[in-house]
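Letter by letter, the chains look like this.
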Amino acid sequence: MTLDLNTVFSSYGIVILGVMAGMTILLIVVFILLILMMKKVKLLSRSYKDFMRGKDAESLEEVILERFNEIDDLKIANGENRKRIDDITQNLLLTYQKIGIVKYDAFHEMGGKLSFALALLDKSNNGFVMNSMHNRESCYTYIKEIIDGKSYITLSDEEKKAVDTAINFNGLE
């Protein structure tokens with residue numbers, strides 16, 4: 001009794017030609033994948049050879065240690081930069097950073113708008129307001145201290161407006 005493969009497959013409803021076609025397609029796909037993998041291995045091998053060209057284990061160790069030293073130097077420099085930035089930030093808290101200025105005519109049509117009130121305040125609204133009144137014959141300048149946005153000396157309307165402008169000043173606009 002001989003076993004005929006065609007008969008066996010037919011009894012299960014399988015066409016031998018379809019199985020052969022499926023196996024052929026599977027073999028082609030595997031072959032394509034093999035070629036792609038060989039290309040990737042070749043590229044990886046080339047990259048590795050480029051990396052290791054002219055290097056032995058000892059010289060490669062030197063390169064790695066040199067990079068570690070550079071990283072340590074960068075950490076030190078970064079720490080120094082952070083300290084400098086902190087110092088600058090602390091100094092900026094004490095600088096005048098809010099400005100308000102109001103121009104006006106102090107002597108009503110006699111001197112033009114040459115008079116002004118200038119307020120300079122720090123972050124905590126401490127500073128001064130300077131009032132300079134001009135007319136055709138003379139100039140008078142007054143400075144009043146501002147603490148927490150207030151003056152202990154009575155302010156003129158222009159000085160109040162300059163201080164209010166400085167308090168609400170946003171230097172980013």
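Caption draft 1: Spatial organisation of the pattern of salt bridges. With the rule as written, the count across this model stands at four salt bridges. Note that arginine 67 and glutamate 66 form a salt bridge whose closest N and O atoms lie 3.4 Å from each other. Judged by relative accessible area, which is 42%, arginine 67 ranks as partly exposed. For glutamate 66, a relative accessible area of 42% puts it in the partly exposed group. The salt bridge involving lysine 144 is made with glutamate 159; its shortest N-O contact spans 2.9 Å. One end of the pair, lysine 144, is in strand 4 (residues 139–146); the other, glutamate 159, is in helix 4 (residues 157–167), with 15 residues separating them in the sequence. Taken as a pair, lysine 144 and glutamate 159 share a single burial class, namely buried. Taken together, the shared-partner salt bridges connect Glu66, Arg67 and Glu70 into one network.

Caption draft 2: Structural context of unusual backbone geometry. Despite not being glycine, asparagine 125 shows a phi value in the positive range, around 65°. The residue asparagine 125 is located in the loop between strand 2 (115–121) and strand 3 (127–134) in this model. On the basis of relative accessible area, asparagine 125 is assigned to the buried category, the value being 16%. A positive phi angle is found at aspartate 148, which is not glycine, with a value near 55°. In this fold, aspartate 148 is placed in the loop between strand 4 and helix 4. Overall, aspartate 148 belongs to the exposed group, its relative accessible area being 54%.

Caption draft 3: Region of the structure containing the pairing of strand 3. One ladder, built from six bridges, connects strand 2 with strand 3; its direction is antiparallel. What sits directly across from leucine 118, in strand 3, is methionine 130. Here strand 2 folds back onto strand 3, and the loop between the two strands holds five residues, one of which, asparagine 125, carries a positive phi near 65°. As paired elements, strand 3 and strand 4 share eight bridges and run antiparallel to each other.

Caption draft 4: A look at the environment of isoleucine 64. Relative to the assigned elements, isoleucine 64 resides in helix 3 (residues 57–94). Judged by relative accessible area, which is 43%, isoleucine 64 ranks as partly exposed. Taking the C-alpha atoms as reference points, isoleucine 64 and aspartate 86, 22 residues apart in sequence, are found 33 Å from one another.

How each quantity is defined
Residues numbered from 1 in each chain as written. Predicted model: local features only at pLDDT ≥ 70, side-chain atom pairs only at ≥ 80, totals over all residues. Heavy atoms only, no water. Salt bridge = Lys/Arg side-chain N within 4 Å of Asp/Glu carboxyl O. Buried < 20%, exposed > 50% of the residue type's maximum accessible area, 1.4 Å probe, protein only. Helix = DSSP H or I, 4+ residues; strand = E, 2+ residues; numbered from the N terminus. Pairing = 2+ DSSP bridges.

Interpretation note: all reported values are geometric properties and have no functional meaning in isolation.
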